[in-house]
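Chain by chain, the residues:
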Amino acid sequence: PGTALADGAARWYAEKLALYGLGTREDIWEEEIPGLGRARLRNIVTTVPGDTGDAIVIVAHRDNTGQGPGANVNASGTAALIELARGYAQLGTITGRPQPQHTLVFLSSDGGAYGGYGAERFASTSPLRDNLLAVVSLDGIAGHARPRLELSGFGSHSPAPALVRTASVRVAEQTAREPARPDWLTQLVDLGIPFGYGEQASFLGRGISAVRLATVGDGAADAATDTPENLDVARFERLGRATEALLSSLDASVALAG
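Residues numbered from 1 in each chain as written. Predicted model: local features only at pLDDT ≥ 70, side-chain atom pairs only at ≥ 80, totals over all residues. Heavy atoms only, no water.

1. Focus on the pattern of salt bridges
Phase 1: Evaluation of the coordinates by the stated rule reveals 12 salt bridges.
Phase 2: In this structure, Arg121 and Asp27 form a salt bridge, with 2.8 Å as the shortest nitrogen-oxygen distance. Here the residue Arg121 occupies a position in helix 3 (residues 117–125), and Asp27 occupies one in strand 1 (residues 25–33), the gap between them amounting to 94 residues.
Phase 3: On the accessibility criterion, Arg121 (24% relative accessible area) is partly exposed.
Phase 4: Under the relative-accessibility criterion, Asp27 is labelled buried at 16%. (Salt bridge = Lys/Arg side-chain N within 4 Å of Asp/Glu carboxyl O. Helix = DSSP H or I, 4+ residues; strand = E, 2+ residues; numbered from the N terminus. Buried < 20%, exposed > 50% of the residue type's maximum accessible area, 1.4 Å probe, protein only.)

Below is the structure:
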């Protein structure tokens, strides 16, 4: 975060979406990040208006620690975010783009590898923050480990059971196995002593239903293995399809439980 290479990644991301006729809005601010000092951060937001003002957010952080290429954490999440947004691209001057029921937000966040700064920024300042029904964070979805759902946050809130169940079913459809998730005792402790790693945590801390889908544990990925040749391509494809199906399911819901 805050480097010239980070700015280059932001430009690359915006240019990719522009190829599909998808506009982006930048939110630029500064944060004091432990280990880095004062850094200039940049969120890139793409909004696809729906029939209602209620919103569903798909978020993937764009940064990494700089200790390795970051192929899995989080180029995989960023690539999936682009592909999901492409499903709502401008198809032509006559046909237009698909119209979702809910407003869809594709958020490429900054500072995610250092504690979810971009997610917290969006959750606290976005004009849509009072209308967020569900948030799905994609964070390292091309690793070899069993996919997992992270549910902990910065407060005594859990994600809606309907969101957790739908995400689990959609992953199981593609991988033949439900994702791992914390057992009931771990969840109980997390609610009593709130601490969450990942971009779902900021949203949960504000009472917004959110989950994180990942193939890595809390903290940075091993720089030695976070390389393109070590990606699990088949797993990446399956989790990409699962996320696409999850987004469609959430958008088709008449109401999402809080």
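So that's the structure; there's more coming.
2. Regarding the sheet that holds strand 7 (residues 210–214)
Phase 1: Taken in spatial order, the 7 strands line up as 1-2-4-3-5-7-6 in an open sheet, and their pairing is mixed. Two strands bound the open sheet, and with one partner strand each, they are strand 1 and strand 6 (148–150). Direction aside, neighbouring strands of the sheet carry axes that sit 25 degrees apart on average.
Phase 2: Relative to strand 4 (residues 103–109), strand 2 (residues 37–48) is paired through 5 bridges, and the arrangement is antiparallel. The residue of strand 4 that forms the bridge with Thr47 is Val105. (Pairing = 2+ DSSP bridges. Axes fitted to C-alpha atoms, helices over the stretch in contact; angles between N-to-C directions.)

3. Quick word on the nonpolar core
Phase 1: In terms of nonpolar packing, the biggest core is built from 35 residues, with Ile58, Phe106, Val136 and Leu138 touching the most fellow members.
Phase 2: With residues near it in sequence (within four places) discarded, Leu138 still touches Ile58, Val59, Ala60, Asn74, Gly77, Ala80, Leu84, Leu213 and Thr243.
Phase 3: Counting residues in hydrophobic clusters, the runner-up holds 16 residues, among them Val45, Val105, Leu107 and Leu132. (Core = buried A, V, L, I, M, F, W, Y, C linked by side-chain atoms within 4.5 Å. Contact = heavy atoms within 4.5 Å.)

4. Considering the pairing of strand 3 (residues 55–61)
Phase 1: Among the 7 residues that make up strand 3, 7 are buried, leaving the element largely enclosed by the rest of the structure.
Phase 2: Sheet topology note: the strand 3/strand 5 (residues 132–139) ladder contains 5 bridges and is parallel. Directly across from Ile56, in strand 5, lies its bridge partner Ala134.

5. Remarks on the confidence of the model for the protein
Should the pLDDT be low somewhere, the predicted coordinates at that spot are not to be read in detail.
Phase 1: Averaged over the protein, the pLDDT score is 91; the fraction of residues at 70 or greater is 93%.
Phase 2: Within the protein, no element has a lower average pLDDT than helix 5 (residues 184–192), which sits at 80, and none a higher one than strand 4, at 98. (pLDDT = per-residue confidence, 0-100.)

6. Details of the environment of Ser168
Phase 1: Looking at where Ser168 falls in the secondary structure, it is placed in helix 4 (residues 161–175).
Phase 2: Those residues in contact with Ser168, other than ones at most four positions away along the chain, are Leu149, Glu178, Pro179 and Arg181.
Phase 3: Among the polar contacts listed, one links the side chain of Ser168 to the backbone oxygen of Val164, at a separation of 2.9 Å. (Polar contact = N/O pair within 3.5 Å; in protein donor to acceptor, adjacent residues only side chain to side chain.)

7. Focus: the packing of aromatic side chains
How two aromatic rings sit relative to each other is set out by the distance from centre to centre and by the angle between their planes.
Phase 1: Scanning the model with the defined rule gives 2 aromatic pairs in all.
Phase 2: Measuring from centroid to centroid gives 6.1 Å for Tyr88 and Phe106, while their planes differ by 40 degrees, and the two rings are tilted. Of the two residues, Tyr88 is situated in the loop between helix 2 (71–86) and strand 4 and Phe106 in strand 4; the sequence distance between them amounts to 18 residues.
Phase 3: The exposure class assigned to Phe106 is buried, which follows from its relative accessible area of 0%.
Phase 4: The ring of Tyr20 carries the charged tip of Arg86 above its face, separated from the ring centre by 5.5 Å. (Phe/Tyr/Trp six-rings, centres within 6.5 Å; stacked < 30°, edge-to-face > 60°. Lys NZ or Arg CZ within 6 Å of the ring centre and 35° of its normal.)

8. Re the pairing of strand 5
Phase 1: The element strand 5 is extensively covered by neighbouring structure, given that 7 of its 8 residues are classed as buried.
Phase 2: Sheet analysis places strand 5 next to strand 7, joined by 5 bridges and oriented parallel. Across the sheet, the residue bridging to Val136 is Val211, located in strand 7.

9. Considering the packing of helix 1 (residues 4–19) against helix 2
Phase 1: Direction vectors running N to C along helix 1 and helix 2 enclose 25 degrees, while the axes themselves pass 10 Å from each other. As the angle between them shows, helix 1 and helix 2 are arranged roughly parallel. Taken as a pair, helix 1 and helix 2 cross one another with a handedness that is right-handed. Where helix 1 abuts helix 2, its residues Trp12, Tyr13, Lys16 and Leu17 lie against Thr78, Leu81, Ile82 and Ala85.
Phase 2: Its residues assigned to classes, the contact of helix 1 with helix 2 comprises 6 nonpolar, 1 polar and 1 charged. (Parallel < 35°, antiparallel > 145°, perpendicular 65-115°, else oblique. Left-handed = near helix turned anticlockwise from the far one by under 90°. Nonpolar A, V, L, I, M, F, W, Y, C, P; charged D, E, K, R; others polar.)

10. Brief notes about the packing of helix 4 against helix 7 (residues 233–252)
Phase 1: It is at 8 Å that the axes of helix 4 and helix 7 come closest, and there the two elements cross at 140 degrees. For the element pair helix 4 / helix 7, the angle class is oblique. Helix 4 and helix 7 meet at a crossing whose hand is right-handed. Taken together, the residues of helix 7 that come into contact with helix 4 (itself represented by Leu163, Thr166, Ala167, Arg170, Val171, Gln174 and Thr175) are Arg238, Leu239, Arg241, Ala242, Ala245, Leu246, Ser249 and Leu250.
Phase 2: A per-class count over the contact of helix 4 with helix 7 returns 8 nonpolar, 4 polar and 3 charged.

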